[in-house]
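Residues per chain, in single letters:
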Amino acid sequence: MKTTTFNKRDAIVFKHFNRKGYSLFAALGKVVVIGVLAVPTLTYAKADGIATTPAEESADSLSFGEQRLDEVQVTGSRAPLTARQSAKIVEVISRDDIHRAEAQTINDVLKLATGVDVRQRGGFGVQTDISINGGTFDQITILLNGMPLGSPQTGHNAADFPVSLDDIDHIEVLEGAAARVFGSAAFSGAINIVTTPRPSSQGTRGWEGKATLEGGSFGSFGGDARVAARLLRPGSGAQANSQLFSSLSAGYNQSDGGTVNSGFRNRHGFYQGQLSSAIADVNWQAGISSKDYGANTFYSARFPNQYEWTRRYMGSVSVALHPLANGGGLVRSLDIEPTIYAHRDIDHYQLTKGATGASNGENYHRMDVYGGSLSAVASWAAGKTAIGADIRKEHILSTAYGELLDEAEWKAIGNASRSYDHMGNRTNTSLFLEHDVILGGLTVSAGLMANRNTGLDDKFRLYPGVDISFRPDDHWKVYASWNKAMRLPTFTDLYTNSSAQKGDIALRPERNNTFKGGVRYRAVGFEALASVFYSQGRDMIDWVYETAEAKRYQAMNIGKLDNLGLNIEAKCNMSRLLCPDLAVEGKEPWLMTVGYAYINQTHKTDKEIYKSLYALEYLRHKFVATISHPIVKHLSASWSLRWQQRMNGYHPYAKLDGKVQYEMRHCTVFVKADNMTCHGYYDLGTVKQPGLWIMAGTKVNLF
C-alpha cells in the first residue's frame with residue numbers, strides 16, 4: 001500500500017520548462033522556486049535587473065530565501081558577467097546583512113568588510129576616511145548606483161551619502177586596482193552603493209512606506225522615512241513588459257558627539273526612479289546631503305576647536321538601450337548605455353570655530369563635477385566585447401585652492417562677506433576597450449583604458465589589466481589578476497597652505513601595479529575565501545612631518561611603497577547546516593562570519609620623514625567576527641567584534657557592538673550598543689572616539 005508523506009518538502013528549482021502532461025503533477029507537494037534574483041554590477045548598477053541565466057540547486061546559499069549566488073550578475077568588468085563567470089571576486093553586503101548589523105550609517109557597515117579600513121573622526125559618519133588593502137582615502141572610487149561621487153578637492157568628504165540604510169539594496173566592494181573599469185581614481189579599489197526605487201514587499205497596490213525614530217546617548221536623536229511605489233504595472237501589447245517605480249526618502253539626526261567639540265547635525269534627501277521596458281531601461285536619481293559638525297582636532301592636534309559644514313547636491317540619468325536583445329546573427333545581443341551625471345560639493349571650514357577670514361584659517365570651497373559616458377556591450381560567438389568613452393569636467397572655486405583670479409573675476413559667496421578668488425579646472429577623458437572569453441570553467445577578461453587629464457598634460461596614458469579565473473567544479477573557484485592604475489593629486493594636495501598643512505603644486509601622480517590571486521570554496525551553508533595581493537606603489541603621496549621640530553604637515557611624494565597582504569574570510573549558516581527544515585519555515589537563522597586581514601608594507605625613500613599622517617598608518621592586522629541568532633520567537637540579536645592594530649604608533653584595540661530587535665508584522669523595536677566595553681581608542685591622530693553609545697528606536701511599516 002502506498003503511503004503519502006506529508007512532512008517532507010523538497011524544493012524544485014526549475015532549470016528549464018517542458019511541456020509534458022505530467023509536469024504539473026511532479027511539482028505537487030513541493031516547494032517550487034522559479035528564477036533568480038540578479039545583483040547588479042559595479043559598472044551597470046541596477047538593483048532590479050533580472051539575470052537570464054536559470055537557477056540551479058542552491059548548493060552555496062548562505063541564508064534563507066537566497067538563490068545561487070553564482071548566477072547573479074556581480075562582476076568588476078566592463079561587460080556584465082554572472083558571478084560564476086566573472087574572473088574577479090566582488091564582496092556583496094546584502095540588505096539582510098545591513099538589517100542585522102549594529103549600524104547607524106553606511107560607514108558602520110563597511111567596517112565589517114575584511115579588506116576595508118574605515119577611520120572615523122566622529123559618530124554617525126560625520127567624517128570618515130575609507131580605504132582598501134592598505135591604500136589611502138583618496139585612492140578609491142565611491143559610487144552611488146554606478147555614479148562616481150569622489151571629489152577632486154579631497155576624499156575626506158567622499159562618504160557624504162544622501163541615502164539612508166533603508167534605501168540600500170546592497171553594497172559592492174571590489175578590492176585592488178581597477179582603473180580600466182572605473183577610471184583612474186580606482187587606484188586601490190571601488191565601493192558601489194546600490195539602492196532600489198522598488199518597494200521591498202509589493203502588496204496588491206505596490207506601495208511601501210517606512211519610518212524610523214531613534215534616540216540615545218549624548219543627546220542623540222533622529223529618524224528617517226521612505227516611500228516607494230510601483231506606478232505602472234505590466235500591461236499588454238507595447239506595454240507588456242513596462243514598469244515604472246519611484247521612491248523618496250529623507251532623514252535627520254543630531255548629537256552632542258560624545259567628546260569635546262564633536263556635536264553634529266546631519267540631513268539628507270534622496271529621490272530615485274526607474275522605467276523598464278523591453279527595449280530600454282531608464283534610471284534617474286537626485287540627492288542632497290548636509291552636515292554641520294565640530295571638527296575637534298580633525299586636521300591638527302594644535303587646533304581643538306575646528307568647525308566644518310558640507311553640502312552635496314547630486315543627480316544622474318542613464319538609459320540602457322537593447323536594440324538587439326536576441327539576435328540570431330554574428331552579434332547575439334547589443335546593449336548601448338548613455339549616462340549623464342553631476343554633483344556639487346560645498347565646504348566651509350574654520351580652523352577655529354567662529355574665527356573668520358583667511359588669516360584665521362577660514363576657507364570656502366565649491367567643487368562642480370559633471371560628465372557623461374557612452375558604452376556598448378556586444379555578445380557574440382567569441383565572447384563579450386565592451387567599448388566606450390567617459391569625459392568628466394572638474395571645476396573648483398575656492399578662497400585658497402587653484403590659481404588666483406583677477407579681482408574682476410571673483411565670485412560672491414552666498415551668506416558670506418567673502419568671495420571665491422581662486423579657481424581650478426581639469427578635464428578627464430577616458431577611452432576603454434575590454435573583451436571577455438568564457439570557455440567552460442575558464443574566464444579570461446582583458447581590457448585597456450586610455451586616459452588623459454588636462455591637470456597633468458595632453459597625453460593619453462594606457463592602463464591595462466588582465467583577470468583570469470578557473471572553476472574546476474561547482475564548489476571551487478581559483479582566480480588571479482594584474483591591473484595598473486594612476487591617481488592625480490587632489491586640489492588639497494596641491495594648494496593647501498595653512499597653519500596646519502602645506503601642499504605642493506609640484507606633486508607627481510601616484511602609480512601602481514597590483515597583482516592579486518585567490519581561491520573560493522562554496523558548499524551548503526558555508527563559504528570560504530582566501531586571497532593574497534601585492535601592490536607596487538611609486539611616487540606615493542602622503543602628508544608628513546619632515547622633522548621632529550615640524551609644526552605643519554607637508555604634502556610629499558614619499559617614494560616607493562609596496563603592500564603585501566593576505567585576506568581570509570569564512571561565512572557559515574549554522575541553521576542551514578544543522579536544521580535545513582528551518583529554511584522552509586522561514587525562521588531567523590544562526591549566521592556567523594569571520595575575517596582576518598594582514599598587510600606588510602615596505603617603504604623606500606630618499607627623503608627625510610619623521611611622521612606620516614595617512615599612507616604609512618596602515619592596518620597591519622584586522623580581525624572581524626559577527627554572529628546573529630534568534631533568542632525567542634520574533635526576538636533576535638546580532639554581535640560584532642573588531643580587533644585591529646594600526647602602524648605608526650597606534651595601540652591595538654578591540655571593539656564590541658551589539659543589536660537586539662523584536663520584529664512584529666508592522667513594527668520593529670530595537671536597541672543598539674556601540675563600543676559596549678566603553679574602550680577608549682583612536683582611529684586617526686589625536687581624535688578620541690566616544691565610549692559606550694546606546695541607541696533605541698522603532699521602525700514602522702506605514703503601508
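Residues numbered from 1 in each chain as written. Predicted model: local features only at pLDDT ≥ 70, side-chain atom pairs only at ≥ 80, totals over all residues. Heavy atoms only, no water.

What is the right way to read the overall build of the protein from this model?
When helices and strands are counted, the protein shows 7 helices and 38 strands. Looking at the protein residue by residue over its 703 residues, the buried ones come to 55%. Long-range pairs, those at least 24 residues apart, make up 62% of the contacts in the protein with a sequence separation of at least 6. Taken as a whole, the protein presents about 29900 Å² of accessible surface, with 59% of it coming from carbon and sulfur. (Helix = DSSP H or I, 4+ residues; strand = E, 2+ residues; numbered from the N terminus. Buried < 20%, exposed > 50% of the residue type's maximum accessible area, 1.4 Å probe, protein only. Contact = heavy atoms within 4.5 Å. Areas by Shrake-Rupley, 256 points an atom, 1.4 Å probe, with all protein chains shown as cover.)

Please explain the sheet that holds strand β33 (residues 611-612) as it appears in this structure.
Pairing between the strands of a sheet comes from backbone hydrogen bonds, and it takes one of two forms, parallel or antiparallel. Sheet architecture is open: 4 strands sit in the order β26-β30-β29-β33, paired in mixed fashion. Both outer strands of the open sheet, β26 (501-502) and β33, are each paired with one neighbouring strand and no more. Alignment of β26 against strand β30 (residues 553-557), held across 2 bridges, turns out to be parallel. Following the sheet pairing, Gln501 is matched in β30 by Tyr553. (Pairing = 2+ DSSP bridges.)

Help me understand the pairing of strand β11 (residues 220-232), please; the structure alone is not making it clear to me.
Regular strands have side chains that alternate between both faces of the sheet. Relative to β11, strand β10 (residues 207-216) runs antiparallel, the two being bridged by 10 bridges. Across the sheet, residue Glu208 finds its bridge partner in β11, namely Ala228. Linking β10 back to β11 in an antiparallel pair, the connection comprises 3 residues, with Phe218 at a positive phi of about 60 degrees. As defined by bridge partners, β11 adjoins strand β12 (residues 243-255) across 11 bridges and the pair is classed as antiparallel.

How do you make sense of the nonpolar core when you look at a structure like this?
The tendency in soluble globular proteins is for nonpolar side chains to be buried as a group. Residues Leu110, Ile171, Ile191 and Ile193 are the most contacted members of the largest nonpolar core, which totals 29 residues. Mapped by element, the contributors of at least two residues to this core are α3 (106-110), β4 (116-120), β5 (128-132), β6 (140-144), β8 (168-175) and β9 (189-195). Those residues in contact with Ile191, other than ones at most four positions away along the chain, are Leu110, Ile130, Ile132, Ile140, Thr141, Ile142, Leu143, Ile171, Glu172 and Val173. (Core = buried A, V, L, I, M, F, W, Y, C linked by side-chain atoms within 4.5 Å.)

Can you help me understand the environment of Val437 in this one?
You can see Val437 is positioned in strand β22 (residues 422-439). Along the primary structure Val437 and Ile468 are separated by 31 residues, whereas in three dimensions their C-alpha atoms are 9.8 Å apart. For Val437, the residues in contact, after removing those within four places along its chain, are Ala382, Leu442, Thr443 and Val444.

Would you explain the side chain of Thr429 in this entry?
Its place among the elements puts Thr429 in strand β22. In this view, Thr429 contacts Asp390, Ile391, Ala450, Asn451, Arg452 and Phe460; residues no more than four positions away in its chain are not counted.

Sorry if this is basic, but what is going on with the packing of aromatic side chains here?
The relative placement of two aromatic rings is captured by the distance of their centres and the angle of their planes. Overall, the coordinates contain 13 aromatic pairs when judged by the stated rule. Feature note: the residues Phe124, Phe218, Phe264 and Trp693 constitute an aromatic cluster, connected by ring pairs. Geometry around Phe670 places Lys659 over its ring, the cationic atom sitting 5.8 Å from the centre. Directly above the aromatic system of Phe670 lies the positively charged group of Lys672, at a separation of 5.1 Å from the ring centroid. (Phe/Tyr/Trp six-rings, centres within 6.5 Å; stacked < 30°, edge-to-face > 60°. Lys NZ or Arg CZ within 6 Å of the ring centre and 35° of its normal.)

How should I be thinking about the side chain of Asn567 in this particular structure?
Counting through the fold element by element, Asn567 comes out in strand β31 (residues 560-573). If we ignore the near neighbours within four places in the chain, the residues touching Asn567 are Gly115, Asn133, Glu175, Leu529, Ala530, Ser531, Tyr596, Ala597 and Tyr598.

Would you take a moment to explain a nonpolar patch on the surface for this structure?
Nonpolar side chains collect at one region of the surface, where Ile631, Val632, Trp639, Val660, Val671, Met676, Leu692 and Ile694 lie side by side and expose about 600 Å² of accessible area between them. With respect to the helices, strands and loops of the structure, Met676 is situated in the loop between β37 (667-674) and β38 (693-701). In this structure Met676 comes out as partly exposed when scored by relative accessible area, which is 33%. (Patch = residues over 30% accessible without salt bridge, like charges linked within 9 Å, V, L, I, M, F, W, Y side chains within 5 Å. Salt bridge = Lys/Arg side-chain N within 4 Å of Asp/Glu carboxyl O.)

Explain the pattern of salt bridges here, please?
If the charged atoms of two oppositely charged side chains come close together, the side chains can form a pair. Using the criterion set out here, one finds 32 salt bridges in the structure. Of the charged contacts in the structure, one is a salt bridge between Arg226 and Asp167, with a shortest N-O distance of 3.1 Å. One end of the pair, Arg226, is in strand β11; the other, Asp167, is in the loop between β7 (147-148) and β8, with 59 residues separating them in the sequence. For Arg226, a relative accessible area of 3% corresponds to the buried category. Arg312 serves as the salt-bridge partner of Asp345, at 2.9 Å between the closest nitrogen and oxygen. A residue pair is termed long-range when its members are at least 10 positions apart, and Asp345 in strand β16 (residues 331-350) and Arg312 in strand β15 (residues 307-324) qualify at 33 residues. The residues Asp345 and Arg312 share a single accessibility class, namely buried.

Whenever I open this one, the pairing of strand β24 (residues 461-470) confuses me. Can you help?
As paired elements, strand β23 (residues 442-453) and β24 share 10 bridges and run antiparallel to each other. Following the sheet pairing, Thr443 is matched in β24 by Ser469. For β24 and strand β25 (residues 476-487), the ladder comprises 6 bridges, and the chain directions are antiparallel. Looking at β25, one finds that Val466 is bridged to Trp482. Connecting β24 to the antiparallel partner β25 that follows it, the hairpin turn spans 5 residues.

What exactly am I supposed to notice about unusual backbone geometry here?
Leaving glycine aside, a negative phi is the common case for residues, and trans is the common case for peptide bonds. Not every positive phi belongs to a glycine, and Thr297 is a case in point at roughly 55 degrees. You can see Thr297 is positioned in the loop between β14 (280-294) and β15. On the accessibility criterion, Thr297 (10% relative accessible area) is buried.

So yeah, pure geometry; function would need other evidence.
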